[in-house]
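Residues per chain are reported as follows:
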Amino acid sequence: QVQLVESGGGLVQAGGSLRLSCAASGRSSIRHRMGWFRQAPGKEREFVAAVTWSGGSTYYADSVKGRFTISRDNAKNTVYLQMNSLKPEDSAVYYCAGAQSWGTGIPRGDAYDYWGQGTQVIVSA
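Visitor: Lay out the overall build of the protein with the relevant residues and their values.
Guide: What the protein contains, in helices and strands, is 0 helices and 11 strands. The order of α-helices and β-strands along the protein, N terminus first, is β-β-β-β-β-β-β-β-β-β-β. Against the 2.2 N^0.38 benchmark of 14 Å for 125 residues, the protein shows a C-alpha radius of gyration of 13 Å, consistent with a compact globule. Relative to its 125 residues, the protein shows a buried fraction of 44%.

This is how it looks when you write it as C-alpha cells:
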C-alpha cells in the first residue's frame, strides 16, 4: 500500500523560504516520478514541479522556475521541494503525488496514481 505524507508547510513572509518533504511508503509502486502540485482557494490544482526517481530529471512550472527546487533522496524514499523567494501568490495547499509511468504527461494531474493529503503554505505580504 502506497502512502505519501507531506510535511513542512506553514506561514512565512514574502521573500522567505520553506522546504516541503514528502515521504513515500510502498515506494516500489511509484516507479517513474514524484511531483508537487498546489491548489489555492477557488482555483484549479496546478503543477509545480516533478522529479524522476531514476536519473533525477527535473521539471518545473514557469511560475516557480528559478525559485523552487525539487530533489529526491532515493535511500529515504523522500522528495523535497525547496521554495525560496516566496510570494503571496504561492499560497496554497501543496500536494505530493507519485506516478507509476510517464502516463499522460509530466504536468497533468491525471498522470499521477498516488496523492498525499496536502500541506498548507501561507505567504503573507
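Okay, back to it.
Visitor: Go over the pairing of strand β5 (residues 46–52), please, and point to the residues and values.
Guide: Of all 7 residues in β5, 6 are buried, a share of seventy percent or more. Relative to β5, strand β4 (residues 33–39) is paired through 6 bridges, and the arrangement is antiparallel. Along β5, the bridge assignment pairs Arg-38 with Glu-46. Bridging between β5 and strand β6 (residues 58–60) involves 3 bridges; their strand directions are antiparallel. In the sheet register, Val-51 faces β6, and the bridge partner there is Thr-58. With antiparallel pairing between neighbouring strands as the criterion, β5 and β6 make up a hairpin whose turn holds 5 residues, including Gly-55 at a positive phi of roughly 95°.

Visitor: Account for the environment of Arg-45, naming residues and giving values.
Guide: By the element assignment, Arg-45 lies in the loop between β4 and β5. Since its relative accessible area comes to 42%, Arg-45 is described here as partly exposed. Separated by 50 residues in the primary sequence, Arg-45 and Tyr-95 have C-alpha atoms spaced 9.3 Å apart. Dropping the residues within four chain positions of it, Arg-45 is found in contact with Phe-37, Arg-38, Gln-39, Gly-109 and Trp-115.

Visitor: Residues and numbers for the environment of Trp-102, please.
Guide: On the secondary structure map, Trp-102 appears in the loop between β9 (92–99) and β10 (114–115). If near-sequence neighbours (up to four positions away) are discounted, Trp-102 is found in contact with His-32, Arg-33, Tyr-59 and Ala-111.

Visitor: So what about the sheet that holds strand β7 (residues 68–73)? Which residues, and what values?
Guide: Taking strand neighbours across the sheet as the criterion, the 4 strands line up as β1-β3-β8-β7 in an open arrangement whose pairing is antiparallel. Looking along the sheet, the strands with just one partner apiece sit at the ends: β1 (3–7) and β7. When the angles between neighbouring strand axes are averaged without regard to direction, this sheet yields 15°. In the sheet, strand β3 (residues 18–25) pairs with strand β8 (residues 78–83) via 6 bridges, with the strands oriented antiparallel.

Visitor: Residues and numbers for the nonpolar core, please.
Guide: If you look at the biggest cluster of nonpolar residues, it comprises 36 residues, and the most contacted ones within it are Trp-36, Leu-81, Met-83, Tyr-94 and Tyr-112. Within the residue set of this core, elements represented by two or more residues are β3, β4, β5, β7, β8, β9 and β11 (119–124). The contact partners of Tyr-112, leaving out residues within four places of it in the chain, are Arg-33, Met-34, Gly-35, Phe-37, Phe-47, Ala-50, Ala-97, Gly-98, Ala-99, Gly-105 and Ile-106.

About the thresholds
- Per chain, residue numbering runs from 1 following the sequence as it is written.
- It should be noted that, the model being predicted, local features are given only for residues of pLDDT at least 70 and side-chain atom pairs only at 80 or more, the latter also being counted only at that level, while totals for whole chains, interfaces and linings use all residues.
- Side-chain measures here rest on the full set of heavy atoms in the structure, leaving out hydrogens and waters.
- A helix here means a DSSP run of H or I that spans at least four residues, while a strand means a run of E at least two residues long, and both kinds are numbered starting from the N terminus.
- Each radius of gyration reported is based on C-alpha atoms, and the globular scaling rule is 2.2 Å times the count of residues to the power 0.38.
- Three exposure classes are used, based on accessible area relative to the maximum for each residue type with a 1.4 Å probe and protein chains only: buried under 20%, partly exposed in between, and exposed over 50%.
- Only when DSSP finds a minimum of two bridges between them are two strands counted as paired.
- We call two residues contacting when some pair of their heavy atoms lies within 4.5 Å.
- A fitted line through C-alpha atoms represents every axis, and for helices the fit uses only the stretch in contact; the resulting angles, taken between N-to-C directions, go from 0 to 180 degrees.
- Throughout, nonpolar core names a set of buried Ala, Val, Leu, Ile, Met, Phe, Trp, Tyr and Cys residues whose side chains join them through atoms within 4.5 Å.

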